[in-house]
Amino acid sequence: MEKAKNYDLIVVGAGPAGMTAGMYGVRSGLETLVFEKGICGGLSNEAPEIENYPGFKKVRGMELAEKMKEQASEYVEIRELEKVEKMKWSVKNLEVSTEKGSYLTRAAVISTGTRHRRLGVKGEDEFLGRGISYCATCDGFFFRDKPVLVVGGGDSAVREALYLKNIGCEVTLVHRRGKLRAEPYLQKNLEHAGVRILWNSVVREIRGDKKVRSVVRFDKDREIEDELLVEGVFISIGEEPVNDLAAQMGIGMDRNGYIITDKNQRTSLERVYAAGDITGGVRQIVVACAEGAIAATSAYNDLLELV
Ligand code: NAP
């Protein structure tokens with residue numbers, strides 16, 4: 001176990017928000033450390049194409065995350081594959097425990113992001129990795145020339161459907177309502193790409209043997225169930241906040257579990273800030289970066305007041 005070392009700022013989560021917070025922390029002169037339970041980039045790694053991050057006309061999520069990591073790492077140490085398990089106030093410092101050690105810090109930024117929402121139907125757990133995926137850029141390649149179903153009606157689902165269509169999958173999108181939530185620009189692209197859409201339809205079960213073979217869908221208009229023969233199911237029905245640490249510390253959250261912050265990214269707990277998707281709202285990379293910068297700057301200002 002590594003012995004406790006003192007930091008000014010510890011950032012939990014190295015998505016776009018956390019990497020930016022780390023970079024701004026060090027640039028403000030704060031002794032800063034960033035932890036990431038997986039690899040840098042978070043869910044942005046899975047975005048097939050990003051067209052609304054200023055400075056890049058079109059960039060793959062993974063490429064943008066890699067560039068951010070490269071830049072942030074010039075300033076701040078990022079410890080990938082080190083999960084923060086616990087955080088608690090101990091006298092004047094926050095004690096941060098990871099699976100590898102324990103650390104003391106005067107301030108912290110929580111930028112733990114979101115995780116994929118599960119559909120919660122029969123077969124979802126059983127066939128995960130055997131035809132069911134939550135990431136088209138990660139797994140789409142295995143389904144080229146094959147029939148696949150994308151579940152959802154938001155930006156993510158439409159982007160996943162477009163990506164899969166583009167690499168040669170036979171794509172059908174299934175949505176529980178008669179109208180997509182995705183931005184109009186994406187809807188237009190979907191129409192141009194000729195992706196088949198099953199409206200007002202709910203996935204009730206995913207069936208297979210060693211791998212996925214079909215999906216049972218309920219058609220709400222006709223009030224009948226039918227079986228769609230597919231080899232892949234890409235579930236893209238939104239995200240849920242990764243708020244375990246916030247819950248553990250009693251930080252104020254809204255009714256959906258997103259951390260509540262003020263406009264300086266301060267949470268209900270002194271010297272604990274939150275940034276990025278974990279704060280809900282407009283969940284976009286450009287916003288996450290901005291919130292990361294604000295959170296680190298607020299930490300700097302608040303620590304200055306302490307001296
Ligand atoms: P989202 O906007 O919350 O959309 C989730 C979709 O899944 C909705 O269409 C919803 O249906 C459907 N859904 C939710 N629960 C379901 C269930 N149990 N069964 C069936 N369908 C269900 O999520 P998202 O698309 O992942 O986007 C999340 C955020 O990231 C948004 O703020 C989005 O703008 C942003 N984003 C942006 C881009 C971009 O290119 N700009 C790309 C990806 C994500 P209803 O419509 O009926 O509620």
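Data block above holds the structure.
The residue count restarts for each chain, going from 1 along the sequence in the order it is written. Reporting of local features is limited, given that this is a predicted model, to residues whose pLDDT is at least 70; pairs of side-chain atoms are given and counted only at 80 or more, and all residues count toward the totals for whole chains, interfaces and linings. By convention in this description, side-chain values take in all heavy atoms of the structure and omit both hydrogens and water.

Caption draft 1: Fine view of the overall build of the protein. A tally of regular secondary structure across the protein gives seven helices and 17 strands. Two things to know: the radius of gyration comes from C-alpha atoms, and the globule rule equals 2.2 Å times the number of residues to the power 0.38. For 307 residues, the compact-globule estimate of 2.2 N^0.38 gives 19 Å, and the C-alpha radius of gyration of the protein, at 21 Å, lies within 12% of that figure. Referenced to the eigenvectors of the C-alpha coordinate spread, the extents of the protein come out at roughly 65 × 40 × 35 Å. Expressed as a percentage of the 307 residues in the protein, the buried residues total 50%. Partitioning the contacts of the protein with sequence separation of at least 6, the portion at a separation of at least 24 is 59%. A 1.4 Å probe and the Shrake-Rupley method give the accessible areas. Residues count as covered only by the protein chains that appear here. In the form shown here, the protein has an accessible surface area of approximately 15300 Å², with 49% of it arising from carbon and sulfur atoms. By the counting scheme adopted, Arg and Lys are positive, Glu and Asp are negative, and His together with the chain ends is not counted. Where a charge lies is defined by one atom per residue type, namely NZ (Lys), CZ (Arg), CG (Asp) and CD (Glu). One finds the centroid of the 44 positive side-chain charges in the protein at a distance of 1 Å from the centroid of its 46 negative side-chain charges. Think of it this way: any DSSP run of H or I at least four residues long counts as a helix, any run of E at least two long counts as a strand, and we number them from the N terminus. Partly exposed residues are those whose accessible area sits between 20% and 50% of the maximum for their type, while under 20% is buried and over 50% is exposed, using a 1.4 Å probe and protein chains only. By the convention used here, residues are in contact when the closest approach between their heavy atoms is within 4.5 Å.

Caption draft 2: Layout of the pattern of salt bridges. The term salt bridge refers to a pairing of a side-chain nitrogen on Lys or Arg with a carboxyl oxygen on Asp or Glu at a separation within 4 Å. Summed over the entire model, instances satisfying the criterion amount to 20 salt bridges. Of the charged contacts in the structure, one is a salt bridge between R106 and D8, with a shortest N-O distance of 3.3 Å. With R106 in strand β6 (residues 102–110) and D8 in strand β1 (residues 6–12), this pair connects stretches of sequence that are 98 residues apart. What makes R106 partly exposed here is its relative accessible area of 27%. When its relative accessible area of 17% is taken as the criterion, D8 is described as buried. Here R79 and E77 are joined by a salt bridge, their closest N and O atoms 2.8 Å apart. Classification of R79 as buried rests on a relative accessible area of 16%.

Caption draft 3: Summary view of the site of the ligand. Surrounding the ligand, one finds 19 residues, the nearest of these being D155, S156, R159, R177 and R181. What qualifies as a polar contact is a pair of N or O atoms within 3.5 Å, subject to a donor-acceptor requirement within protein and to the restriction that residues adjacent in sequence count only when both atoms come from side chains. In this structure, an oxygen atom belonging to the ligand sits 3.3 Å away from a main-chain N or O atom of G154. Taking R177, its side chain carries an N or O atom lying 2.7 Å from an oxygen atom of the ligand. Contact with the protein chains covers 79% of the free accessible surface of the ligand, which is 910 Å². When residues of the shell around the ligand are assigned to their parent elements, the largest contribution, three residues, is made by helix α4 (residues 155–166). Of the residues in the shell around the ligand, the class split is two nonpolar, eight polar and nine charged. The near set for a molecule or strand comprises every residue that places at least one heavy atom within 4 Å of it. Three classes are used: nonpolar for Ala, Val, Leu, Ile, Met, Phe, Trp, Tyr, Cys and Pro, charged for Asp, Glu, Lys and Arg, and polar for all others, with Gly counted as polar.

Caption draft 4: Main features of the sheet that holds strand β12 (residues 201–208). DSSP-based pairing: two strands are paired if at least 2 bridges between them are found. One open sheet holds the three strands; their spatial order is β12-β13-β14, and the pairing between them is antiparallel. Edge positions in the sheet fall to β12 and β14 (224–229), since each has one partner strand and no second. With direction set aside, neighbouring strand axes in the sheet form an average angle of 25°. Strand direction decides the pairing type here: β12 and strand β13 (residues 212–219), joined by seven bridges, are antiparallel. Each residue of the ladder has a partner; that of V202, found in β13, is F218. Each axis is a line fitted through C-alpha atoms, and for a helix only the stretch in contact is used; angles between axes span 0 to 180 degrees, taken between their N-to-C directions.

Caption draft 5: A look at the packing of α4 against helix α5 (residues 184–193). Between α4 and α5, the least distance of the axes is 10 Å, while the angle of their chain directions is 30°. Overall, the two elements α4 and α5 adopt an arrangement that is roughly parallel. The way α4 lies across α5 gives a crossing that is left-handed. In this structure, α4 contributes D155, V158, R159, A161, L162 and K165 to the contact, and α5 contributes L186, N189, L190 and A193. Roughly parallel means an angle under 35 degrees; roughly antiparallel means over 145; roughly perpendicular covers 65 to 115; every other angle is labelled oblique. Each crossing is labelled by how the near helix is turned from the far one, with a counterclockwise turn of less than a right angle marking it left-handed and a clockwise turn marking it right-handed.

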